[in-house]
Amino acid sequence: VQLVESGGGLVQAGGSLRLSCAASGPSFSSSPLAWFRQAPGKEREFVAAVRWSGVNTYYEDSVKGRFTISRDNAEQMVYLQMNRLKSEDTAVYYCAASEYWYPGNYFSPRRYNYWGQGTQVTVSS
C-alpha cells in the first residue's frame, strides 16, 4: 500500500481543514487506516483510526467531537475532517495503513506498516 496525503495548510483557530490520503495497492479495502500527527519535539501520536468497513471509528480523546475519519474504498481514499481547530493541533499529519487490526493497540504507530510522507497543518491563534 502506498499513501499520499494532501490538504494541509495554515488556518486560524476555530477553522476547519479536510485532509485526504490517496492509497494504492490491492489490499486497501481490507486494511485498517489511521491518522497520526507529530509536533516538533514530540513523539508521533494517534489521532484517529477506521476499520475496513468504515463503520467502526476510533479517536484520541482531545479530537473527539471535532475530527471525523472516513474512508471510500471504491476510490481508495481516507479523509480526516478537522473542525474547531486549536493551536495545539499544529503538527505534521500522517496517513497510515496496517495489514491487521490490533484491538486495544490500534493507537500504536508500531502497528502500522505503511506511511505517507505527511502534510503540515498549522493553526494560528
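Scroll up to find the structure this text is about.
All residue numbers refer to positions counted from 1 along the written sequence of the respective chain. This being a predicted model, a pLDDT of at least 70 is required before a residue's local features are given, and a value of 80 or more before pairs of side-chain atoms are given or counted; all residues contribute to the totals for chains, interfaces and linings. For side-chain calculations, the full set of non-hydrogen atoms in the structure is used, while hydrogens and water are omitted.

1. Describing the side chain of D89
For D89, the position within the fold is in the loop between β8 (77–82) and β9 (91–97). Any residue under 20% of the maximum accessible area for its type is buried, any over 50% is exposed, and the rest in between are partly exposed; the area is computed with a 1.4 Å probe on protein chains only. Among the residues examined, D89 registers a relative accessible area of 1% and is labelled buried. A polar atom in the side chain of D89 sits 2.8 Å from the backbone nitrogen of K86. Contact criterion: two residues are considered in contact whenever any of their non-hydrogen atoms come within 4.5 Å of each other. When neighbours within four sequence positions are excluded, D89 is seen to be in contact with R37, R66, F67, V121 and V123. The helix count covers DSSP runs of H or I at least four residues long, the strand count covers runs of E at least two residues long, and both are numbered beginning at the N terminus. Under this definition, polar contacts are N or O atom pairs within 3.5 Å; protein pairs additionally need one hydrogen-donor-capable and one acceptor-capable atom, and for neighbouring residues in sequence, both atoms have to be side-chain atoms.

2. Here we look at the pattern of salt bridges
A side chain of one charge can pair with a side chain of the opposite charge when the charged atoms of the two come close. Counted as salt bridges are all cases of a side-chain nitrogen of Lys or Arg within 4 Å of a carboxyl oxygen of Asp or Glu. In this structure the tally under the stated criterion is four salt bridges. Between R37 and E45 there is a salt bridge; the shortest N-O distance is 2.6 Å. The salt bridge involving D61 is made with K64; its shortest N-O contact spans 3.1 Å. Here D61 falls in the exposed class, since its relative accessible area comes to 59%. Here the residues in one salt-bridge network are R37, E45, R66 and D89, joined through shared partners.

The analysis is restricted to geometry; functional conclusions fall outside its scope.
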